[in-house]
Amino acid sequence: MQFFTDDIQALQEKVEDKISHIVKRIERDVDYNQAKVLQAFQQHRVSDFHFADSTGYGHNDIGRETVEQVYATAFGAEAALVRPHIVSGTHAISSVLFGLLRPGDELLYISGKPYDTLEEVVGERGEGQGSLKEFNISYRWLPLANDKIDYPLLQKSISANTKIIGIQRSRGYADRPSFTIAEIEEMVTFCKGINENLIIFVDNCYGEFTERLEPTDVGVDVMAGSLIKNPGGGIVRSGGYIVGKEQYVTQISYRVTSPGIGSLGGAMLGTTRELFQGLFIAPHTVGEALKGVVFASAILEELGFETTPFWHERRTDIIQAIHLKTPENLLAFCQAIQASSPVDSHVLPVASPMPGYADPVVMAAGTFIQGASIELSADGPMREPYTVYMQGGLTYSHVKIGILSAVSNLLKINQG
Ligand SMILES: *Cc1c(COP(=O)(O)O)cnc(C)c1O
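Below is a short write-up of the structure.

Regarding the packing of helix 3 (residues 62-74) against helix 9 (residues 272-302)
Stage number 1. Relative orientation of the contacting elements helix 3 and helix 9 amounts to 15°, with a least axis distance of 10 Å. In terms of their interaxial angle, helix 3 and helix 9 are classed as roughly parallel. Two packed elements cross with a definite hand, and for helix 3 against helix 9 that hand is left-handed. Between helix 3, through Gly63, Arg64, Thr66, Val67, Val70 and Tyr71, and helix 9, the contact on the second element is made entirely by Thr272, Leu275, Phe276 and Leu279.
Stage number 2. Classifying every residue of the contact of helix 3 with helix 9 by side-chain character gives six nonpolar, three polar and one charged.

A word on helix 4 (residues 89-100)
Stage number 1. The terminal C-alpha atoms of helix 4 lie 17 Å apart, and with 12 residues this matches the ideal 16 Å at 1.5 Å per residue to within 8%.
Stage number 2. Burial analysis of helix 4 places 10 of its 12 residues in the buried class, which makes it a mostly covered element.

A look at the sheet that holds strand 4 (residues 162-168)
Stage number 1. With respect to topology, seven strands assemble into an open sheet ordered 1-7-6-5-4-2-3, the strand pairing being mixed. What marks the edges here is a single partner per strand, and that holds for strand 1 (79-83) and strand 3 (138-141). Averaged over all pairs of adjacent strands, the angle between strand axes in this sheet comes to 15°, irrespective of strand direction.
Stage number 2. Both strand 2 (residues 106-109) and strand 4 contribute to a ladder of four bridges, which runs parallel. Counted as the bridge partner of Glu106 is Thr162 from strand 4.
Stage number 3. Packing against the sheet, helix 7 (residues 181-194) makes contact with strand 4 and strand 5 (199-203), and its axis sits at approximately 160° to strand 5.
Stage number 4. With respect to the sheet, helix 8 (residues 246-256) is in contact with strand 1, strand 5, strand 6 (222-226) and strand 7 (240-244), its orientation differing from that of strand 1 by roughly 30°.

Some remarks on the side chain of Lys400
Stage number 1. By the element assignment, Lys400 lies in helix 11 (residues 396-413).
Stage number 2. Within the structure, Lys400 has its side chain in polar contact with the side chain of Glu16 (distance 2.6 Å).
Stage number 3. Dropping the residues within four chain positions of it, Lys400 is found in contact with Gln12, Glu16 and Phe295.

With respect to unusual backbone geometry
Stage number 1. With an omega dihedral of -5°, the bond running from Thr308 to Pro309 counts as a cis peptide bond.
Stage number 2. By the element assignment, Pro309 lies in the loop between strand 8 (306-308) and strand 9 (319-323).
Stage number 3. The peptide bond linking Glu384 to Pro385 adopts the cis configuration, its omega dihedral lying at 0°.
Stage number 4. When you line up the elements, Pro385 lands in the loop between strand 11 (377-381) and strand 12 (387-391).

Description of the site of the ligand
Stage number 1. Neighbouring residues of the ligand: Ser88, Gly89, Thr90, Ile93, Tyr115, Gln168, Asp203, Cys205, Tyr206, Ser226 and Lys229.
Stage number 2. Here Asp203 contributes a side-chain N or O atom positioned 2.6 Å from a nitrogen atom of the ligand.
Stage number 3. Between an oxygen atom of the ligand and a side-chain N or O atom of Lys229, the distance comes to 2.9 Å.
Stage number 4. Within the complex, 87% of the 380 Å² of free accessible area of the ligand lies under protein.
Stage number 5. When the residues that make up the shell around the ligand are grouped by side-chain class, the tally is four nonpolar, five polar and two charged.

Things to note about helix 7
Stage number 1. Look at helix 7: 20 Å from first C-alpha to last across 14 residues, which is about the 20 Å you get at 1.5 Å a residue.
Stage number 2. Buried residues of helix 7: Ile181, Glu183, Ile184, Met187, Val188 and Cys191, and no others. Here the buried residues of helix 7 occupy an arc of 155° about the axis, which is enough to place them on one side. Exposed positions of helix 7 whose direction lies more than 90 degrees from the buried face are Ala182, Thr189 and Gly193.
Stage number 3. Buried-residue contacts for helix 7 involve helix 6 (151-157), strand 4 and strand 5.

Brief notes about the sheet that holds strand 11
Stage number 1. In space, the five strands of this open sheet follow the order 8-9-12-11-10, with antiparallel pairing throughout. Of all strands in the sheet, those with a lone pairing partner are strand 8 and strand 10 (361-365), marking the two edges. Each adjacent strand pair in this sheet contributes to an overall mean axis angle of 15°, direction not counted.
Stage number 2. Pairing of strand 10 with strand 11 involves five bridges; the strand directions are antiparallel. Along strand 11, the bridge assignment pairs Val361 with Pro381.

Procedures and definitions
Residues numbered from 1 in each chain as written. Predicted model: local features only at pLDDT ≥ 70, side-chain atom pairs only at ≥ 80, totals over all residues. Heavy atoms only, no water. Axes fitted to C-alpha atoms, helices over the stretch in contact; angles between N-to-C directions. Helix = DSSP H or I, 4+ residues; strand = E, 2+ residues; numbered from the N terminus. Parallel < 35°, antiparallel > 145°, perpendicular 65-115°, else oblique. Left-handed = near helix turned anticlockwise from the far one by under 90°. Contact = heavy atoms within 4.5 Å. Nonpolar A, V, L, I, M, F, W, Y, C, P; charged D, E, K, R; others polar. Expected span 1.5 Å × (residues − 1). Buried < 20%, exposed > 50% of the residue type's maximum accessible area, 1.4 Å probe, protein only. Pairing = 2+ DSSP bridges. Polar contact = N/O pair within 3.5 Å; in protein donor to acceptor, adjacent residues only side chain to side chain. Near = heavy atom within 4 Å. Areas by Shrake-Rupley, 256 points an atom, 1.4 Å probe, with all protein chains shown as cover. Arc of directions from axis to C-beta.

So, in structure tokens, the structure goes:
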């Protein structure tokens, strides 16, 4: 069986040879993170009975308590909330903010303009109903200087009202590099040097298991993420997590459920097993996604496209940006990814207007779990430089098939 032309296969082999040392490095990191997660399972003596279901109030659910302890240990934190009731990454982040901030407090984001969905949480965009602003909680974000933290500006910007320092680890869909664990550690040291009571919060979406350490290993007080991204391993159907210092996680639990209930309630409705299994497999899945984006970056660079990060750069998230130069290329790329998906491969993506975006957006995702970006997906706004953002992939082979189809499409439309 031959799926691609001889030329494309030759290109694949050339690129695989070129990136082999990076692939090996990723596999070493996967080995490390797999051992780390395994040890957390063993330390908390995970057993078959932990997978049993809970109903109603969900009181005395030892499975839920144990999966949260395993998360806390794996992330080098004191406590965790890991819940299918947390709808998404945005819900997890917003629970942290509402759980810890009080009227008069300020939230200061120091890593540049945050992810789009945060704007409605803080009350910068939309009706403002239910936002932090409505509770008289103020918010500012600091621009970067040459893609790095502007420390002099940060020094000046921390006020007596500043309670939470917000850091977004991943670039998301912004045009800046993602922040490594080493850089996050520097930020923690700097901010705690100014005021040790500041709460350092990290939006860890897309970052989990891409490095050997996590933000909570290097002094971050609390962090949050989505279970349909990295830590769910492609298995978890819905949910979010929050990990950090016990006092903060407890306070946040009163927001996620209710004062008086906190983390002690919440029926798991049969999801506990997949939370365990997803975390166990997550280092591997993240490794597959990482190999996939390295392959994509290298092969597209081979064809003359600019990519960020470069294929050989150290990564701290699973996102790859590729500047495709023309609207035809962006569309052809996304259509190839869609056509290579296990689900909805027969659907043809087209550019269409999206609420909150100035330009039409084209999106490709044929995933088992709706919106799961740990599965192979690609999208981009129809504007210069026609950048496609791609991420995820449950298996390296699948990412290669998607990318080789995209490359075939690009070569076809750019011939002659
Ligand atoms: C995905 C993501 C979020 C949250 O998005 P949801 O779609 O609500 O899960 C927040 N921040 C970053 C950087 C993200 O990548």
